[in-house]
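Fold and contact review
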Amino acid sequence: MRRVLDIRRGCAAFLALAAAFAVVAATPAQDHSRHSFDRAEKCALVLDDPARDAWQKPDEVIRALALAPDAAIADIGAGTGYFAVRLARAVPQGSVIGVDVEQDMVRYLAERAKREGLANLTTQLGAANDPRLPAPVDLVMLVDTYHHIPTRERYFVRLRDAFKPGGRLAIIDFHVDAPMGPPLRFRIPPERVKQELMRAGFELVQEHTFLPHQYFLVFRPAARS
Ligand SMILES: C[S@@+](CC[C@H](N)C(=O)[O-])C[C@H]1O[C@@H](n2cnc3c(N)ncnc32)[C@H](O)[C@@H]1O
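The residue numbering used here restarts from 1 in each chain and proceeds along that chain's sequence as written. At least 70 in pLDDT is required for a residue's local features to be given in this predicted model, at least 80 for side-chain atom pairs to be given and counted, and no such filter applies to totals for whole chains, interfaces and linings, which use all residues.

**Re the overall build of the protein**
- Segments assigned H or I by DSSP are reported as helices when at least four residues long, segments assigned E as strands when at least two residues long, and all are numbered from the N terminus. Of regular secondary structure, the protein possesses 9 helices and 7 strands.
- Restricting the contact set of the protein to residue pairs at least 6 apart, pairs at least 24 apart contribute 71%. C-beta atoms are placed from the backbone for every residue, and two residues are taken to be in contact when these atoms lie within 7 Å.

**Details of helix H6 (residues 82-90)**
- Put simply, a residue is buried when 20 or more other C-beta atoms lie within 10 Å of its own C-beta and exposed when 12 or fewer do; between those, it is partly exposed, and each C-beta is set from the backbone. Across the 9 residues of H6, 7 count as buried, placing the element largely inside the fold.
- When H6 is considered as a whole, its buried residues turn out to be Tyr82, Phe83, Ala84, Val85, Leu87, Ala88 and Ala90.

**Describing the sheet that holds strand E3 (residues 121-125)**
- Following DSSP output, two strands are said to pair if at least two bridges run between them. Spatially, 7 strands are ordered E3-E2-E1-E4-E5-E7-E6 in an open sheet, and the strand pairing comes out mixed. With partners counted over all chains shown, the strands left at the sheet margins are E3 and strand E6 (202-208), one partner each. Adjacent strand axes in the sheet meet at a mean angle of 20 degrees when their direction is disregarded.
- When strand E4 (residues 137-143) meets strand E5 (residues 163-174), the two strands line up parallel, connected through 6 bridges. Between N-to-C directions, angles cover 0 to 180 degrees, with each direction set by a line fitted to C-alpha atoms, over the stretch in contact for helices.

**Section: the packing of helix H3 (residues 40-47) against helix H7 (residues 103-115)**
- For the pair H3 and H7, the least separation of the axes is 9 Å and the interaxial angle reads 70 degrees. One way to sum up the angle between H3 and H7 is to call them roughly perpendicular. Contacts between H3 and H7 involve Ala40, Glu41 and Ala44 from the former and Asp104, Met105, Arg107 and Tyr108 from the latter.
- In terms of residue class, the contact of H3 with H7 is built from 4 nonpolar, no polar and 3 charged. Under this scheme an angle from 65 to 115 degrees is roughly perpendicular, one under 35 degrees roughly parallel, and one over 145 degrees roughly antiparallel; angles in between are oblique. Only Asp, Glu, Lys and Arg are considered charged, only Ala, Val, Leu, Ile, Met, Phe, Trp, Tyr, Cys and Pro nonpolar, and every remaining residue, Gly among them, polar.

**Some words on the site of the ligand**
- Near the ligand there are 22 residues, and of these Gly77, Gly79, Tyr82, Val143 and His148 occur at the shortest range.
- Elements supplying a minimum of two residues to the shell around the ligand: H6 and strand E2 (95-100).
- Of the residues contributing to the shell around the ligand, the split by class is 13 nonpolar, 6 polar and 3 charged. Each residue receives a C-beta atom placed from its backbone. It is near a molecule or strand if this atom lies within 6 Å of it.

**A look at the nonpolar core**
- If you look at the biggest cluster of nonpolar residues, it comprises 52 residues, and the most contacted ones within it are Ile73 and Ala84.
- Element by element, the count of residues in this core is highest for H6, at 7 residues.
- Excluding anything up to four places from it in sequence, Ala84 contacts Asp75, Ala78, Val96, Gly98, Leu109 and Leu121. By definition, a nonpolar core groups buried Ala, Val, Leu, Ile, Met, Phe, Trp, Tyr and Cys residues that connect through C-beta atoms lying within 7 Å of each other.

**Some thoughts on the confidence of the model for the protein**
- When pLDDT is averaged along the protein, the result is 88; 83% of the residues meet or exceed 70.
- Below pLDDT 50 for its whole length, residues 1-10 participates in 11 contacts with residues either more than four positions away or in separate chains.
- For every residue, the pLDDT score states the predictor's confidence, bounded by 0 at the bottom and 100 at the top. Considering only residues more than four positions removed or in separate chains, one finds that residues 16-31, a stretch of pLDDT under 50, has 24 contacts.

**With respect to the pairing of E5**
- Counting buried positions along E5 gives 9 out of 12 residues, so the element sits mostly inside the fold.
- As a crossover connection, the stretch from E4 through helix H8 (residues 152-159) into E5 is right-handed.
- Where E5 meets strand E7 (residues 214-221), 6 bridges bridge the pair, whose relative direction is antiparallel. Residue pairing across strands places Ala170 opposite Val218, the latter belonging to E7. We call a crossover right-handed when, viewed with the strands running away from us, the connection from the first strand over the helix to the second turns clockwise.

Right, here's the structure in full:
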């Protein structure tokens, strides 16, 4: 029981099985950007629970992104690597950089990449307001992380410089009425994401609707006027 409670404190606002669970598990902090994910091994039990695949549909998500085998990808808020390791396998001649603000997640993901023989998966300790990407990429992906970014408009204005020509930004996050996910007050409806990113200089290019609990939006930097 104690172990279960610990996991809840660290990660449960993310993957609760019901809204009630999410409410019970919610951090008392008003600022969800400061939610704690600093116990990676415990978080992995939740984030990498195989039961997640049924609704997260990682293979479908990656197929929908139609990645070139040599694509360069940044997974911002990579956590324990649920998507980062799958992306690394999907781009054998490419590269994936898993960015996280939590040192323990970065440590865990680096160890996981080594353990799983993924030489094309590297890690980066990001700052809350800057992912500190070392080079431009073809795809930036944020899964269940958008709502953690504290000053989003400024963050994404700056992120526009992180793309190679033709680069894309993919955002997956929980619907307001999903039976799991962060506490309700931290959820951001897709229409707001679109407005925020439009103001930050992106345009929507695709909207996938096959995920049962999350929206999946794909943007590209708009031409600068
Ligand atoms: C809910 S978890 C999602 C992890 C992973 N994307 C997944 O789908 O399993 C959110 C992650 O974002 C990280 N995070 C929070 N704020 C961040 C920021 N400003 N920049 C990068 N990572 C951030 C947290 O430390 C955590 O690992």
